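Residue-level listing of the chains:
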Amino acid sequence: QYQHIKYPYQLEIFVKQLKDLLIRTGGFLELPEILPALPSPKTTHYRNRIDLHPAVDEAGEPYYGFCLRNAPKTIFPLTECPIFALEDDFSKIPMRMEDKLLVLRTHSGEPYYYFKDNHNVVSSKPYDYKTKESLGDEDVFYDFCGLRFFNSYSGFFQVNPSLLETFAKVVKDFAQPKADDLLLDVYCGAGFFGLTLAKEVKKVLGVEIDPSSIAYAKKNAEAAGFANCEYTADFAENFLRGLLETGVKPDICILDPPRTGLTNKAVSAVKHLEPKRLIYISCGPPTFARDAAKFANAG
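Undergrad: Which residues make up the packing of aromatic side chains, and what are the values?
TA: Applying the stated criterion across every chain, the model contains 14 aromatic pairs. Between F66 and F76 the ring centres are 6.4 Å apart and the planes differ by 90 degrees, which places this aromatic pair in the edge-to-face class. A residue pair is termed long-range when its members are at least 10 positions apart, and F66 in strand β2 (residues 62-68) and F76 in strand β3 (residues 71-77) qualify at ten residues. Aromatic pair F157 and F192: ring centres 6.1 Å apart, planes at 85 degrees, arrangement edge-to-face. With a gap of 35 residues between them, F157 in the loop between β8 (147-152) and α2 (164-175) and F192 in helix α3 (residues 192-197) connect regions that are remote in the sequence. A relative accessible area of 8% places F192 in the buried class.

Structural data, given as structure tokens:
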């Protein structure tokens, strides 16, 4: 929604929004230092996923498109998308499954697609975008930071791959990893952030509610040759409480929650674990501001 604004000014807007949220939602009377927003190496054709809605025109011809703003049942033909990685006339794509959305994705291999319903339930296996043939392996992979990360074809991965190397470096700079550190990776997904630091620390403990993501985190650690990583499928609150009960004290804690942010129980557990360095990665700035206030108020 910022494509009409020159990119340097977009970055200024992002910083202003964060400051406003910390004041209004977080209740901060004095703001800590807010660093400038880091620019993306790519400002067009960077996104690795789009979901296309099926529709039929007045002549009965099928097409794909996006929902019109404020009119979600009106689908306009998507002839181009300036932020998606592929440059095609997406309205004319022939692949169809009745009443299903078409999901196009890119990774470090060839582009692929699959179908889902309006409730985000996956409805098909993945297919090669060029050949239209079924993928021989339902795992996809992303090559970053000298590592290969496997994931499910329908699993979550950061949508702007061009920024990931920079993103991982920022996390490392804040984490200040040391050889004898215990790193706690909460909401770890397929293990991306913890694995980029695994060779710098003594041990990585990761937790994620989705068993499939945990299976991939274990697979990614094994593929990288890291024997110092342990991953558990559980609610973050349960896992953190278990660490408290056993007296485990992490040196570094990475939090990467969904848009809803942390529950009060998770915040309380992290506060009692008292990690030396806490890195909170947020895709929902309002809930980040709320949680940041809780941590700040706890000292």
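Undergrad: How would you summarise the pairing of strand β10 (residues 203-208) if you had to cite specific residues and measurements?
TA: Most of β10 is tucked away: five of the six residues are buried. Two elements, strand β9 (residues 182-186) and β10, share five bridges in a ladder whose sense is parallel. Each bridged residue has a counterpart across the sheet, and for L182 the counterpart in β10 is K203. Crossover handedness for the path β9 to α3 to β10: right-handed. Two strands pair when backbone bridges link them, and β10 and strand β11 (residues 229-233) are joined in this way by five bridges, in the parallel orientation.

Undergrad: An account of the sheet that holds strand β5 (residues 112-116) is requested, with residue identities and associated values reported.
TA: Strands sit in the order β3-β2-β1-β4-β5-β6 across an open sheet of six strands; the sheet is antiparallel. The open sheet has two edge strands with one neighbour each: β3 and β6 (127-128). As paired strands, β2 and β3 are joined by four bridges and run antiparallel to one another. Within β3, the residue paired with L68 across the bridge is A71.

Undergrad: Help me get a handle on the side chain of R105, residues and values and all.
TA: Among the secondary structure elements, R105 is positioned in strand β4 (residues 101-105). Put simply, R105 is tucked away with no salt bridge, and the nearest opposite charge, on D51, sits 7.3 Å away. Only 3.2 Å separates the side chain of R105 from the backbone oxygen of Y153, close enough to count as a polar contact. Sequence-distant contacts of R105, defined by excluding residues within four places in its chain, comprise N48, R49, F84, P111, Y112, Y114, Y142, Y153, S154, G155, F156 and F157.

Undergrad: So what's going on with the packing of helix α1 (residues 7-24) against helix α7 (residues 285-297)? Residues and values would help.
TA: Helix-helix packing is described using two parameters, namely the angle between the two axes and the distance between the axes. Relative to each other, α1 and α7 sit at 45 degrees, their axes nearing to 9 Å. As the angle between them shows, α1 and α7 are arranged oblique. α7 is crossed by α1, and the crossing has right-handed handedness. Between α1 and α7, the residues in contact are L18, L21 and L22 and P285, P286, F288, A289 and A292, respectively. The residue inventory of the contact of α1 with α7, partitioned by class, reads eight nonpolar, no polar and no charged.

Rules used in this analysis
Residues numbered from 1 in each chain as written. Predicted model: local features only at pLDDT ≥ 70, side-chain atom pairs only at ≥ 80, totals over all residues. Heavy atoms only, no water. Phe/Tyr/Trp six-rings, centres within 6.5 Å; stacked < 30°, edge-to-face > 60°. Helix = DSSP H or I, 4+ residues; strand = E, 2+ residues; numbered from the N terminus. Buried < 20%, exposed > 50% of the residue type's maximum accessible area, 1.4 Å probe, protein only. Pairing = 2+ DSSP bridges. Right-handed = clockwise from strand over helix to strand, strands pointing away. Lys, Arg positive; Asp, Glu negative; His and termini not counted. Salt bridge = Lys/Arg side-chain N within 4 Å of Asp/Glu carboxyl O. Polar contact = N/O pair within 3.5 Å; in protein donor to acceptor, adjacent residues only side chain to side chain. Contact = heavy atoms within 4.5 Å. Axes fitted to C-alpha atoms, helices over the stretch in contact; angles between N-to-C directions. Parallel < 35°, antiparallel > 145°, perpendicular 65-115°, else oblique. Left-handed = near helix turned anticlockwise from the far one by under 90°. Nonpolar A, V, L, I, M, F, W, Y, C, P; charged D, E, K, R; others polar.

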